[in-house]
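Observations on the three-dimensional arrangement
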Amino acid sequence: MEYQEHNATTSGKDSAGTPEDLPLPIELSLDGGTREGKPLTFSKTLRLLPGKRLVGSGSWGSTPVLIKLFYGRNPEKYWRREDRGSRILQSSPAAAPKLLHSGQVPGEDWFIVILEWVDEAQTLDQSWSEAPDDDSREQLVHQLLEHVADNHRSGVLQNDMHFSNFLLAKGVIYSIDGAQVREINQLRKSQAFRNLAQLFAALPLHMQPKIPRLYQHYQRTLGALVGHAPSQEILN
């Protein structure tokens, strides 16, 4: 959801009780202090869940960042999910934005996750809608399946496979939502199948006959990652 951008500058306790009530830009001081003598600045809202979460772009010193603010009822619970998932994604060979900071905002009942901004990126659903034909869309699914195979080989499950939870930038797909990410020591084939089923269910009806071919691409990718022949079973 888009949220109207304002021009006034404010900070912390001087205004209303939640970040969404504050005019933009919002300047925040964190436990880590400033970067290059400058506080964290939340400049533009990208997504709003009223009373719960505010996601936007900004800067920390000279570093462009993606900022996720959690507030309202039981914000620590939702922040912990995001924090845990973001840290899991950092350990996977599949691409994810670098986690720069995570914790409580000093003096507030808010929690924050700060990720490095990915340049020249758009969500995968944007790339999908702009693709000129189904062949291009199938290639996008191939790239996403390669990303998912990287995660599966590392025991990482993204349980919300919506295309808006992935970015595409310069040919690389990034996972950007940690809230539904889990780490499993020994990923079973049934778990991987259910995860892939979420992805395939999002495809339009006319592309569903291609699912067997797409699954074969996933299998070949998974096999290549561990040096096995494509026909050999990888997951238990």
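An account of the accompanying structure is given in this report. Model, not experiment: these values are computed from the prediction.

Points about unusual backbone geometry
For the bond running from Leu 24 to Pro 25, omega is 0°, close enough to zero to count as cis. One can find Pro 25 in the loop between β1 (10–11) and β2 (26–28). Although it is not a glycine, Glu 120 sits at a positive phi angle of roughly 50°. Counting through the fold element by element, Glu 120 comes out in the loop between β7 (111–116) and β8 (121–123). Assessed through its relative accessible area of 64%, Glu 120 is described here as exposed.

Quick notes on the environment of Gln 208
You can see Gln 208 is positioned in the loop between α4 (189–201) and α5 (211–226). Owing to a relative accessible area of 30%, Gln 208 belongs among the partly exposed residues under this scheme. Setting aside residues no more than four positions away along its own chain, Gln 208 makes contact with Phe 200, Ala 201 and Leu 203.

Remarks on the side chain of Asp 177
Residue placement: Asp 177 occurs in the loop between β11 (172–175) and β12 (181–183). Of the side chains with opposite charge, Lys 68 comes closest to the buried, unpaired Asp 177, at an N-O distance of 4.5 Å. Of note is the side chain of Asp 177, whose polar atom sits 3.0 Å from the backbone nitrogen of Ala 179.

Some points on the packing of helix α3 (residues 134–153) against α4
In helix packing, the relevant descriptors are the interaxial angle and the interaxial distance, both defined with respect to the helix axes. At a closest axis distance of 12 Å, the pairing of α3 and α4 adopts a crossing angle of 155°. What the angle tells us is that α3 and α4 run roughly antiparallel. Crossing hand, α3 versus α4: right-handed. In this structure, α3 uses Val 141, Leu 144, Leu 145, Val 148 and His 152 to contact α4, whose residues at the interface are Ala 192, Asn 195, Leu 196, Leu 199 and Phe 200. Broken down by class, the residue content of the contact of α3 with α4 amounts to eight nonpolar, two polar and no charged.

Some words on the nonpolar core
The nonpolar side chains of a soluble globular protein tend to be buried with one another. In terms of nonpolar packing, the biggest core is built from 25 residues, with Leu 124, Leu 144, Leu 145, Leu 199 and Tyr 218 touching the most fellow members. For this core, the elements supplying multiple residues, two or more each, are α2 (124–130), α3, β10 (166–169), α4 and α5. With six residues, α3 is the single largest residue contributor to this core. Contact partners of Leu 144, with chain neighbours within four places excluded, come to Leu 124, Phe 163, Phe 166, Ile 173 and Leu 199. Counting 19 residues, the second largest nonpolar core, distinct from the first, contains Leu 40, Leu 54, Leu 69 and Leu 100.

A word on the packing of aromatic side chains
Applying the stated criterion across every chain yields a total of four aromatic pairs. Look at Trp 79 and Phe 111: their rings are 5.1 Å apart centre to centre, the planes differ by 25°, and that puts the pair in the stacked class. Highlighted residues: Trp 79 in helix α1 (residues 75–91) and Phe 111 in strand β7, separated in sequence by 32 residues. When sorted by exposure, Trp 79 lands in the same class as Phe 111, which is buried. For the ring pair Phe 193 and Tyr 215, a centre distance of 5.7 Å and an interplane angle of 70° mean the geometry is edge-to-face.

With respect to the pairing of strand β5 (residues 63–70)
With respect to burial, β5 is a largely interior element, seven of its eight residues being buried. Where strand β4 (residues 53–60) lies against β5, eight bridges are found, and the strand directions are antiparallel. Its bridge partner being in β5, Leu 54 is matched across the sheet by Leu 69. Here six bridges tie β5 to β7, and the two strands are oriented antiparallel to one another. Bridge pairing in β7 places Ile 67 opposite Ile 114.

Rules used in this analysis
One numbering rule holds for all chains: residues counted from 1, following each sequence as written. With pLDDT at 70 or above as the cut-off, local features in this predicted model cover only qualifying residues; side-chain atom pairs require 80 or more to be listed or tallied, and sums for whole chains, interfaces and linings still use all residues. Note that water and hydrogens are dropped before the side-chain values are worked out from all heavy atoms of the structure. Helix and strand definitions here come from DSSP, where helices need a minimum of 4 consecutive H or I residues and strands a minimum of 2 consecutive E residues; each element is numbered from the N-terminal end. Only protein chains enter the accessibility calculation, which uses a 1.4 Å probe; a residue whose area is less than 20% of its type maximum is buried, one above 50% is exposed, and one in between is partly exposed. The contact rule is simple, with two residues in contact once any of their heavy atoms fall within 4.5 Å. Only four residue types enter the tally: Lys and Arg on the positive side, Asp and Glu on the negative side; His and the chain ends are excluded. For this document, the term salt bridge refers to a Lys or Arg side-chain nitrogen within 4 Å of an Asp or Glu carboxyl oxygen. N or O atoms within 3.5 Å of each other form a polar contact, as long as, within protein, one can give a hydrogen and the other can take it, and as long as residues adjacent in sequence are counted only when both atoms are side-chain atoms. Axis lines are fitted to C-alpha atoms, over the contacting stretch for helices. Their N-to-C directions set the angle, which ranges from 0 to 180 degrees. When describing relative orientation, an angle under 35 degrees is termed roughly parallel and one over 145 degrees roughly antiparallel, while 65 to 115 degrees is termed roughly perpendicular and anything else oblique. Note: crossing handedness is left-handed where the near helix turns anticlockwise from the far helix by less than a right angle, and right-handed where it turns clockwise. Under the scheme applied here, ten amino acids are nonpolar (Ala, Val, Leu, Ile, Met, Phe, Trp, Tyr, Cys and Pro), four are charged (Asp, Glu, Lys and Arg), and all others, including Gly, are polar. Here the nonpolar core consists of buried residues drawn from Ala, Val, Leu, Ile, Met, Phe, Trp, Tyr and Cys, with membership extended through side-chain atoms lying within 4.5 Å. Pairing of aromatic side chains here covers Phe, Tyr and the six-membered ring of Trp, requires ring centres within 6.5 Å, and sorts the geometry by plane angle: under 30 degrees stacked, over 60 edge-to-face, intermediate tilted. At least two bridges found by DSSP between two strands is the condition for calling them paired.

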